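As a plain string of letters, each chain reads:
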Amino acid sequence: MALELVKYRSATGRWVLLATVLGSSLAFIDGTVVNIALPAIGTEFDATAAGLQWTVNGYALSLAALILLGGSLGDRYGRKRIFMIGVTWFAAASLLCGVAPSIELLIAARVLQGIGGALLTPGALAILEASFVPEDRARAIGAWSGLGGIGGALGPFLGGWIVEVADWRLIFLINVPIAALVLLVTARHVPESRNASAARSLDVTGVLTGAVGLGGLTYGFTAWPAAGPGSPVVLVSLAVGVLGMAWFVVAERRSQHPMLPLDIFTSKAFTGANLVTFLVYGALGGVFFLVVLNLQVVSGFSPLAGGLALLPITVLMLLLSARAGWLGGKIGPRIPMTVGPLICAGALIWMSRIDASASYLTDVLPPVIVFGLGLSLLVAPLTATALGALDDAHAGIASGVNNAVARAAGLLAVAVLPLAAGIGTGDLTDPTALAPTYRTAMLIGAGLMVGGSILAVTMVPRRMPTKDASQ
């Protein structure tokens, strides 16, 4: 098996990397590019703060709620097949976003877009995990993280340029030709892989309860600022969310073929990596949502300048992620996963000082560079640990769980951070209301990063154990 994978990697491994990077970038870009267009979307549709939050959360909600299903379907029916279905779905939903005539229909199209993202995202990493020998996976995942980071971090730049010189709708329409390229490369060069022992029946109860639980929590937190904590809508939504998540755990424990086998959490490394992911990506969700918004609304940057402000993160991820993946494989994941979040925490404290008088060169660029360095050190070892803690037969579900945790954290951050930071009934496009919210949110994000570092020290092993590489 190992010889076969080495031969395969040397022949077409670059094509596999290209397909998975481009496919993942579709989801990553739309996780960040919309933020830069929020002021333009709000102006065209006269949208409320809740409407703008749901433009982000509508996508993130369906992505997070169904990404476990995407990983499970890939393990069962073929990771390449589900990946291609997801890319096609994503492209069709992007087209609907591009022609939406109202904020309500845009949010609905974003929900559909998230479903496509849930199908393609876990498949990308699972395909990588199945295509490289164990000793080369950390470097391959590092390369994926670095190249995929281009998509996420270039999103604000691309969005800013499009919003400034053309129309915000093009940020969605551009996904269609990219998706066509991904489908072409995947069909020609990516091999099929699956878990032959996986059950073919679907865990319908798990899918529904997970979606209801996460949806209830997100809707409740999003409605809280305008409606108040005593509102029946808020109370009922939060209660439904808590009950839904509790029912999900019970259903998965009782199911003969669970979407999420709970015994995978007996791996301390897997559980620790996902807890670190939750805290770190919760902070990242707030950063990428609020920094770009703050630069435009409070600091007066243009959409293009606001997007370009985060470009150094792209460059650093591209240059350093593969090396960080190699380093994590060489010395073990604990040190990079401990030091990386601490560097990011320091950068967020620095970023909290960005205000109305901020200059890019002196107030924005230095903390952005520091943040990019910390993120580059952290992401590849974190992803490799989450995937490497389980055997290869569970590559799809391991990727699905880690992505679900990351997306759920980012989703809740967008819903909860403005509330926790004191936005109250204020407007996210009002500089007077946003400025203090932004400062507090960055400090909360720094606290989440420190928490992630502490978890890495206590739960992530110095060295990853050798695992079964059977498919």
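Below or above, wherever it landed, is the structure these notes cover. (Residues numbered from 1 in each chain as written. Predicted model: local features only at pLDDT ≥ 70, side-chain atom pairs only at ≥ 80, totals over all residues. Heavy atoms only, no water.)

### Concerning the nonpolar core
For step 1, the next point in the chain: Membership of the largest hydrophobic core comes to 129 residues, with the highest contact counts inside it found for Ile41, Leu106, Phe371 and Met449.
For step 2, the next point in the chain: Those residues within four positions of methionine 449 in sequence are excluded, and the remaining contacts are Val280, Ala283, Leu284, Pro341, Cys344, Ala345, Leu348 and Phe371. (Core = buried A, V, L, I, M, F, W, Y, C linked by side-chain atoms within 4.5 Å. Buried < 20%, exposed > 50% of the residue type's maximum accessible area, 1.4 Å probe, protein only. Contact = heavy atoms within 4.5 Å.)

### Here's the deal with the side chain of glutamate 252
For step 1, the next point in the chain: For glutamate 252, the position within the fold is in helix H9 (residues 232-254).
For step 2, the next point in the chain: There is no salt bridge for the buried glutamate 252, and the closest opposite charge comes from arginine 76, which lies 8.0 Å off by N-O distance.
For step 3, the next point in the chain: Apart from residues no more than four positions distant in its own chain, glutamate 252 is found in contact with Asp203, Gly206, Pro258, Met259, Leu260 and Leu262. (Helix = DSSP H or I, 4+ residues; strand = E, 2+ residues; numbered from the N terminus. Lys, Arg positive; Asp, Glu negative; His and termini not counted. Salt bridge = Lys/Arg side-chain N within 4 Å of Asp/Glu carboxyl O.)

### As for the pattern of salt bridges
For step 1, the next point in the chain: For the coordinates displayed, the defined rule picks out 1 salt bridge.
For step 2, the next point in the chain: Between glutamate 44 and arginine 169 there is a salt bridge, with its nearest N and O atoms 2.9 Å apart. Placement of glutamate 44 in helix H1 (residues 2-45) and of arginine 169 in the loop between helix H5 (134-165) and helix H6 (170-173) is noted, with a sequence separation of 125 residues between them.

### Details of helix H3 (residues 79-98)
For step 1, the next point in the chain: In this model H3 runs 28 Å from its N-terminal to its C-terminal C-alpha over 20 residues, within 8% of the 28 Å that 1.5 Å per residue would give.
For step 2, the next point in the chain: Those residues of H3 lying buried are Arg79, Lys80, Ile82, Phe83, Gly86, Val87, Phe90, Ala91, Ala93, Ser94, Cys97 and Gly98. (Expected span 1.5 Å × (residues − 1).)

### Section: the packing of aromatic side chains
For step 1, the next point in the chain: With the rule as written, the count across this model stands at 4 aromatic pairs.
For step 2, the next point in the chain: An angle of 75° between the planes, with centres 5.7 Å apart, marks the rings of phenylalanine 45 and tryptophan 168 as edge-to-face. Taken as a pair, phenylalanine 45 in helix H1 and tryptophan 168 in the loop between H5 and H6 lie far apart in primary sequence, 123 residues in all. Here the two residues phenylalanine 45 and tryptophan 168 agree in accessibility, since each one is buried.
For step 3, the next point in the chain: Look at tyrosine 59 and phenylalanine 90: their rings are 6.3 Å apart centre to centre, the planes differ by 80°, and that puts the pair in the edge-to-face class. On the criterion of sequence distance, the pair formed by tyrosine 59 in helix H2 (residues 49-77) and phenylalanine 90 in helix H3 is long-range, its members being 31 residues apart. Exposure class is identical for tyrosine 59 and phenylalanine 90. Each is buried.
For step 4, the next point in the chain: Through pairs of rings, three or more aromatic residues link up here, namely Phe45, Trp168 and Phe172. (Phe/Tyr/Trp six-rings, centres within 6.5 Å; stacked < 30°, edge-to-face > 60°.)

### Considering the packing of helix H10 (residues 268-297) against helix H14 (residues 360-388)
For step 1, the next point in the chain: Remark: H10 packs on H14, axes separated minimally by 11 Å, with the N-to-C direction vectors making an angle of 150°. With respect to each other, H10 and H14 are oriented roughly antiparallel. As for how H10 packs across H14, the hand of that crossing is left-handed. In this structure, H10 contributes Ala269, Phe270, Ala273, Val276, Thr277, Val280, Tyr281, Leu284, Val287 and Leu295 to the contact, and H14 contributes Val364, Phe371, Leu375, Leu378, Val379, Leu382, Thr385 and Ala386.
For step 2, the next point in the chain: Class assignment for the residues of the contact of H10 with H14 results in 16 nonpolar, 2 polar and no charged. (Axes fitted to C-alpha atoms, helices over the stretch in contact; angles between N-to-C directions. Parallel < 35°, antiparallel > 145°, perpendicular 65-115°, else oblique. Left-handed = near helix turned anticlockwise from the far one by under 90°. Nonpolar A, V, L, I, M, F, W, Y, C, P; charged D, E, K, R; others polar.)

### Section: the side chain of serine 94
For step 1, the next point in the chain: With respect to the secondary-structure elements, serine 94 resides in helix H3.
For step 2, the next point in the chain: Judged by relative accessible area, serine 94 falls into the buried class, the value being 0%.
For step 3, the next point in the chain: Within the structure, the side chain of serine 94 is placed 2.8 Å from the backbone oxygen of phenylalanine 90, a separation counted as a polar contact.
For step 4, the next point in the chain: Those residues in contact with serine 94 that lie beyond four places of it in its chain are Gln113, Phe172, Leu173 and Asn175. (Polar contact = N/O pair within 3.5 Å; in protein donor to acceptor, adjacent residues only side chain to side chain.)

### Some remarks on the environment of proline 461
For step 1, the next point in the chain: Along the chain, proline 461 falls in the segment after helix H16 (431-459).
For step 2, the next point in the chain: On a C-alpha basis, the gap between proline 461 and alanine 269 in space is 6.4 Å, while along the polypeptide they are 192 residues apart.
For step 3, the next point in the chain: If near-sequence neighbours (up to four positions away) are discounted, proline 461 is found in contact with Ala269, Pro333 and Arg334.

### With respect to a nonpolar patch on the surface
For step 1, the next point in the chain: A cluster of nonpolar residues, Val315, Leu318, Leu319, Leu320, Ile369 and Leu373, forms a patch on the protein surface that exposes about 450 Å² of accessible area.
For step 2, the next point in the chain: Counting only elements with at least two residues in the nonpolar patch, the list comes to helix H12 (311-331) and H14.
For step 3, the next point in the chain: By residue number, the principal contributor to the nonpolar patch is H12, which donates 4 residues.
For step 4, the next point in the chain: Here leucine 373 is to be found in helix H14.
For step 5, the next point in the chain: Assessed through its relative accessible area of 37%, leucine 373 is described here as partly exposed. (Patch = residues over 30% accessible without salt bridge, like charges linked within 9 Å, V, L, I, M, F, W, Y side chains within 5 Å. Areas by Shrake-Rupley, 256 points an atom, 1.4 Å probe, with all protein chains shown as cover.)

By themselves, these are just geometric observations and shouldn't be taken as functional.
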